Amino acid sequence: MNDMTPTREQREAQLQGMGCKRKRVEDIRFTQGKGNYVDDIKLPGMLYGDFVRSSHAHARIKGIDASKALALPGVIAVLTAEELKGLNLAWMPTLAGDMQMVLADGKVLFQNQEVAFVVAEDRYTAADAIELVEVEYEELPVLVDPWKAMAPDAPVLREDIKDKTEGAHGRREHYNHIFKWQVGDRPGTDEAFARADVTIKETFYYHRTHPCPLETCAALASFDKVKGELTLWGTFQAPHVVRTVASLLSKIPESKIHVIAPDIGGGFGNKVGVYPGYVCAIVASIVTGRPVKWVEDRMENLSTTSFARDYHMTTELAATKDGRITAMRVHVLADHGAFDACADPSKWPAGFMNICTGSYDIPVAHLTVDGVYTNKAPGGVAYRCSFRVTEAVYAIERAIEVLAQKLGMDSVDLRMKNFIRREQFPYQSALGWEYDSGDYYMAMQKALDAVGYKELRAEQARKREAFKRGETRELMGIGVSFFTEIVGAGPSKNCDILGVAMFDSCEIRVHPTGSAIARMGTKTQGQGHETTYAQIIATEIGIPADDIMVEEGNTDTAPYGLGTYGSRSTPVAGAAIAMAARKIKAKAQMIAAYLLEVHEDDLEWDVDRFQVKGLPEKFKTMKDIAWVAYNAPPPGMEPGLEAVSYYDPPNMTYPFGAYICVMDIDVDTGVAKTRRFYALDDCGTRINPMIIEGQVHGGLTEAFAVAMGQEIDYDEAGNVKGASFMDFFLPTAVETPYWETDYTVTPSPHHPIGAKGVGESPHVGGVPCFSNAVNDAFAFLGSTHIQMPHDPWRIWKAAERLGLHQ
Amino acid sequence: MSTIEQVPVTVTVNGKKYQRFVDPRMLLIHFIREELNLTGAHIGCDTSHCGACTVEMNGMSVKSCTMFAVQADGASITTIEGMAAPDGTLHALQEGFRMMHGLQCGYCTPGMIMRAHVLLKENPDPTEEEIRSGIAGNLCRCTGYQNIVKAIQYAAAKLNGRTVQEAAE
Ligand code: FES
Ligand code: FES
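Residues numbered from 1 in each chain as written. Chains lettered and ligands numbered in written order. Predicted model: local features only at pLDDT ≥ 70, side-chain atom pairs only at ≥ 80, totals over all residues. Heavy atoms only, no water.

Draft legend 1. Region of the structure containing the environment of Ala-116 of chain A. Residue and element names in this part refer to chain A. Along the chain, the position of Ala-116 falls in strand β7 (residues 114–120). A sequence separation of 166 residues divides Ala-116 from Ile-282, and the C-alpha atoms of the two residues are 14 Å apart. In contact with Ala-116, not counting residues within four places along its chain, are Asp-50, Phe-51, Val-52, Val-78, Leu-79, Thr-80 and Leu-103. (Helix = DSSP H or I, 4+ residues; strand = E, 2+ residues; numbered from the N terminus. Contact = heavy atoms within 4.5 Å.)

Set out below in structure tokens:
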């Protein structure tokens, strides 16, 4: 070998494969203002749509008069439910098996509901015109409190289904009831509670909030009357699902619908569902024959498209007096708003709420969820979370604290005592999941050591004494959370969306000169798929990541896939990539054997090449092989070097982590300062540590926002409070704490590369960690639970209730 | 198709002079994005909070959603599209954001970089705290700001001729 021959290490480094901190390819365009988001797209003759929205939360519509609007120069059309009825589009199916009004049909059910769609030459004219549409309302009694939804005299919200006793998820017990969902062993749980030494019961309200990506939802529809083809650009986390739904609704064949999700400015669950704006843009384009763009403003985004959470979780634990948990019982009252538009896999009306036994070996459990209608916006999306896992983890991680308090134990000791042990994996949980792998004890211990947990508790004890003596007005809170997520939906045996199984896909084409393109069924919204997917392929087939293009979001070119949410991209699409790459590698091996005139079994893979075992100088690189694959394949072999894989995962993956937060709270102002936040994540195999760290920072910041102030609230009249950045808490760089990150690696045994997914873990684990810190600060005064969000006003009120201001 | 009388506006953007007739009520952000087709600056809110629309006007940071285009008459504006050198070399901030993983979805990035540009002119070597308060008018939903701070520190170091350190994992 001469000096120019790269060493094995050099070849490996050149690949920029899995495990390296590859810099993102996306950044090259984003840092130069060359991203291409929906609102950046401009088509000739394009019109703008805007909504007339309801000022009432519940009212009958007596009449809509659009004549003044239509008389305004530049206004092209005004659509109402009447127009949509002609096309059978006044209502549309939701992902949860319910029907939702596209435009108000006879009545409105929540404030800011879409009533009419104005189409005009430019956005200013459209905005002027919506002011000119006159809507006459007759107010109806408003139902805001979900606890009153099933009262005998509650107002009837959904007249369309008021007499239906069967819903998409079984029997309905009341006209405002959506479903009752039960899992687990009720008699067994009752029995364990009856026998228990100690029990606790507490209702944790996980308040309504919103994913709020910085880019709002938008769509641009262009219908070509001559070809009968529809092109739809939009903020879609799941473009193929949008195409299927658009086809079912419009009756245009799927082959003639081209859905394109260009760059997306964050999603966090907001951009999974199908919204009236998308449907109206499509209809308006069909009606006018011109392209129609619809872009939400922030107020519309926060108050109409996809809230998250709103779970009232009555949580009970039973335990022996030495702290062994013997049973768990949970009842959830789920406020779904006016339509059940949750974006869960169809068979899971409460998502994966049954992961609520958490990281603990709880022998028996029972969970009931009642979903109800109220006069609030629909949604119930998985905000940076895999289908209600955030809620589930909040319930168990708060309950553990309450139980520890009652037992007089340190909550960390209680956790350690009840952890699922390493040797118990794969572990069957009482509520039906099979956890793939974990080493909880090691992760917890590493976290404790990293923060110096014992010293922190000692410091806290000293501070409490000082507080009691009146020497300080500050309380110290130590928050711990240990979470297990369930992500990667999902196996077709139990996961589908409207009947479409939740597989995902990848197609890889290696070009003759040795570069490649990969097309995916997922869609990045900032996660950096273009960078990380190429790293997986680079490692698998030995082509440098820089020579691999990753393309997503165009349903014409990408294989069918279910999109990106619920941390499913790495567990599902990541696996599809590895499987497609391995098909290519298998063919490449046959070609190499032919070229080197040896048997395939005599070859071994080495970074970027097949070499003859024991004779490393006899080799063919993937690049050599690619050329031959096209131009001189072995006799009888089809030319070409490409593969497609549709991956139906055998199981979910179960990332986990240990988080610890230290807070100082001023009882007189209610201001809580996060002194320290340490996050240890185990997401299995790590593809790009830089990107993982970025995901953790972002997820923790969103967790901080939700726990400490962010909410969508309503007054008694159903007016949505705070649906703008004036009130909706988004932390700036000043409030956001500094994040310390750490990790352990426990690969998933059933995933081809062992990766589990990470994007949502920090949110799932972060929220209970902050909330536990606030609650811990006041626990020594006998307080068991303070409701989120923990803004200064609420903390101050908690202090007031505890008599700290006398 | 407004019936409002159009008024003339002359601005220099990224060194190029533009003359247009616009509605007096047209926002500067719409003018930049739709009249000049410079779509790097974004819109993220209706209340002047997010800073996604931040551009540099006469050396100051402005939220271009909070001004009318006519108020910019005669002004010199720099947008993200004007940050790289004519030969395509990226500005230290653009490089820093990529090297330190200061962006994810990229939606806030043009505004962040433009804000940071003015910040570094006013304070060439800011502390972490100064950076955090200096960008408090710009929201990011993805990064948690920590790597944005590092990206700005990277740029400051580079602009001050110090060796730059790559992101620790
Ligand atoms: S668009 Fe949010 S501040 Fe300008
Ligand atoms: S990178 Fe997405 S908002 Fe900042």
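Draft legend 2. Seen up close, the sheet that holds strand β15 (residues 257–260) of chain A. Residue and element names in this part refer to chain A. Overall, mixed pairing links the seven strands, which are arranged β3-β7-β1-β16-β13-β14-β15 in an open sheet. With one partner strand each, in any of the chains shown, β3 (75–79) and β15 form the two edges of the open sheet. Adjacent strand axes in the sheet meet at a mean angle of 20° when their direction is disregarded. As paired strands, strand β1 (residues 47–53) and β7 are joined by six bridges and run antiparallel to one another. Paired with Asp-50 across the bridge in β7 is Val-118. In the packing of helix α7 (residues 239–250) onto the sheet, the strands contacted are β14 (229–234) and β15, and the crossing angle to β15 comes to about 145°. (Pairing = 2+ DSSP bridges. Axes fitted to C-alpha atoms, helices over the stretch in contact; angles between N-to-C directions.)

Draft legend 3. Spatial organisation of the domain arrangement of chain A. All names here are of chain A. Domain boundaries in chain A define domain 1 (8–35 + 504–647), domain 2 (38–140 + 216–264 + 271–303) and domain 3 (395–487 + 652–801). Taking the mean C-alpha position of each, domain 1 and domain 3 sit 38 Å from one another. Taken together, the contact pairs 27 residues of domain 1 with 19 residues of domain 3. Of all residues in domain 1, Ser-567, Thr-570 and Pro-571 bury the most surface against domain 3, accounting for 29% of the area lost on that side. Put simply, domain 1 and domain 3 have zero salt bridges between them. Applying the counting rule to domain 1 against domain 3 returns five residue pairs in polar contact (both at pLDDT 80 or more). For the side of domain 1 that touches domain 3, the elements supplying multiple residues, two or more each, are α14 (529–541) and α15 (569–596). For the side of domain 1 that touches domain 3, the element with the most residues is α15, which contributes seven residues. Its residues placed into classes, the side of domain 1 that touches domain 3 shows nine nonpolar, twelve polar and six charged. (Domains from an automatic or database assignment. Buried area = accessible area lost by both parts, 1.4 Å probe. Salt bridge = Lys/Arg side-chain N within 4 Å of Asp/Glu carboxyl O. Polar contact = N/O pair within 3.5 Å; in protein donor to acceptor, adjacent residues only side chain to side chain. Nonpolar A, V, L, I, M, F, W, Y, C, P; charged D, E, K, R; others polar.)

Draft legend 4. Representation of the pairing of strand β32 (residues 642–647) of chain A. All names here are of chain A. Burial along β32 is one-sided: the residues Ala-643, Ser-645 and Tyr-647 are buried and none of Glu-642, Val-644 and Tyr-646 is. Where strand β26 (residues 504–510) lies against β32, six bridges are found, and the strand directions are antiparallel. What sits directly across from Ser-505, in β32, is Tyr-646. (Buried < 20%, exposed > 50% of the residue type's maximum accessible area, 1.4 Å probe, protein only.)

Draft legend 5. Inspection of the state of the cysteines at higher detail. Residue and element names in this part refer to chain A. All told, the structure shown has zero disulfides over all chains when counted by the stated rule. Looking at Cys-217, it has no disulfide partner, and the nearest cysteine sulfur is the one in Cys-212, 10 Å off. What makes Cys-217 buried here is its relative accessible area of 0%. Summary of cysteine pairing: Cys-661 is not part of a disulfide, and the nearest cysteine sulfur, belonging to Cys-769, is at 5.1 Å. When its relative accessible area of 0% is taken as the criterion, Cys-661 is described as buried. (Disulfide = S-S within 2.5 Å.)

Draft legend 6. Layout of the packing of helix α3 (residues 109–122) of chain B against helix α5 (residues 146–159) of chain B. Residues and elements named next belong to chain B. Viewed as axis vectors pointing N to C, α3 and α5 meet at an angle of 45°, and their least axial separation amounts to 11 Å. With respect to α5, the element α3 is oriented oblique. Helix-helix and strand crossings are classified by hand; for α3 and α5 the assignment is right-handed. Each of Met-112, Ala-116 and Leu-120 in α3 lies in contact with α5, whose residues at this interface are Ile-148, Ile-152, Ala-155, Ala-156 and Leu-159. (Parallel < 35°, antiparallel > 145°, perpendicular 65-115°, else oblique. Left-handed = near helix turned anticlockwise from the far one by under 90°.)

Draft legend 7. Structural view of the interface of chain A and chain B. If you look at the interface, chain A gives 65 residues, while chain B gives 56 residues. Approximately 5100 Å² of surface area, both sides summed, lies buried where chain A meets chain B, with 54% of it carried by carbon and sulfur atoms. When residues of chain A are sorted by the area they lose upon contact with chain B, Thr-31, Tyr-124 and Leu-214 of chain A head the list and together hold 16% of the total. On the surface where chain A and chain B come into contact, there are five salt bridges. Linking chain A with chain B are 26 residue pairs in polar contact (both at pLDDT 80 or more).

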